[in-house]
Every structure is written in structure tokens, then in C-alpha cells.
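Residue-level structure breakdown
Residues per chain, in single letters:
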Amino acid sequence: MNWIETPESSNIARFAYDEASNMLVVDFLKGGTYNYYDVPQEIFEQMKAASSKGQFLAQNVKGVYRYARA
């Protein structure tokens, strides 16, 4: 997995995507790493392009895909 650093984000430190398992992994600035399961690669690509990663995550990932704290 290649991590994408997000220094401009006030919420997310970095995130990555595992294509083999369709898992989005998000490291939060305030601590905690979360795995989001069955996330299509298209969602990951949209998150990479989003001007606000945290806002994109809140609107398009949280509450949509299963997750667990890593």
C-alpha cells in the first residue's frame, strides 16, 4: 500500500488503499487508524482528488462502508 500524506487536512494524517481487498485505510491526526471495507477503487480515486479529504470521507465513506479500528 502506498500512503498518501495529507498535510493540508485538519483531520486526516494520511490514507491508503489496498486493491486486493478493496480496503481504504485512514490514519487520523488525533489518533487512530481505521479500515473501511469493500470500498470501490473509484471512491479512493475521488478521495485523492477531493479538495477536502475529511469532508469527502464524512460524506461518501462514513456510514456507507463497514469499518473497524485497526
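Right, let's walk through the structure included here. (Residues numbered from 1 in each chain as written. Predicted model: local features only at pLDDT ≥ 70, side-chain atom pairs only at ≥ 80, totals over all residues. Heavy atoms only, no water.)

1. What to know about the pairing of strand β4 (residues 33-36)
Worth spelling out the cut-off: DSSP-based pairing: two strands are paired if at least 2 bridges between them are found. In this text, helices come from DSSP runs of H or I with a minimum length of four residues, and strands from runs of E with a minimum of two, each type numbered from the N-terminal end.
Pairing of strand β3 (residues 23-28) with β4 involves 4 bridges; the strand directions are antiparallel. When the bridges of β4 are listed, V26 appears paired with Y34. Taken together, β3 and the strand that follows it, β4, pair antiparallel across an intervening segment of 4 residues, in which G31 is found at a positive phi of about 100 degrees. Note that β4 and strand β5 (residues 67-69) share 3 bridges and pair antiparallel. In the sheet register, N35 faces β5, and the bridge partner there is A68.

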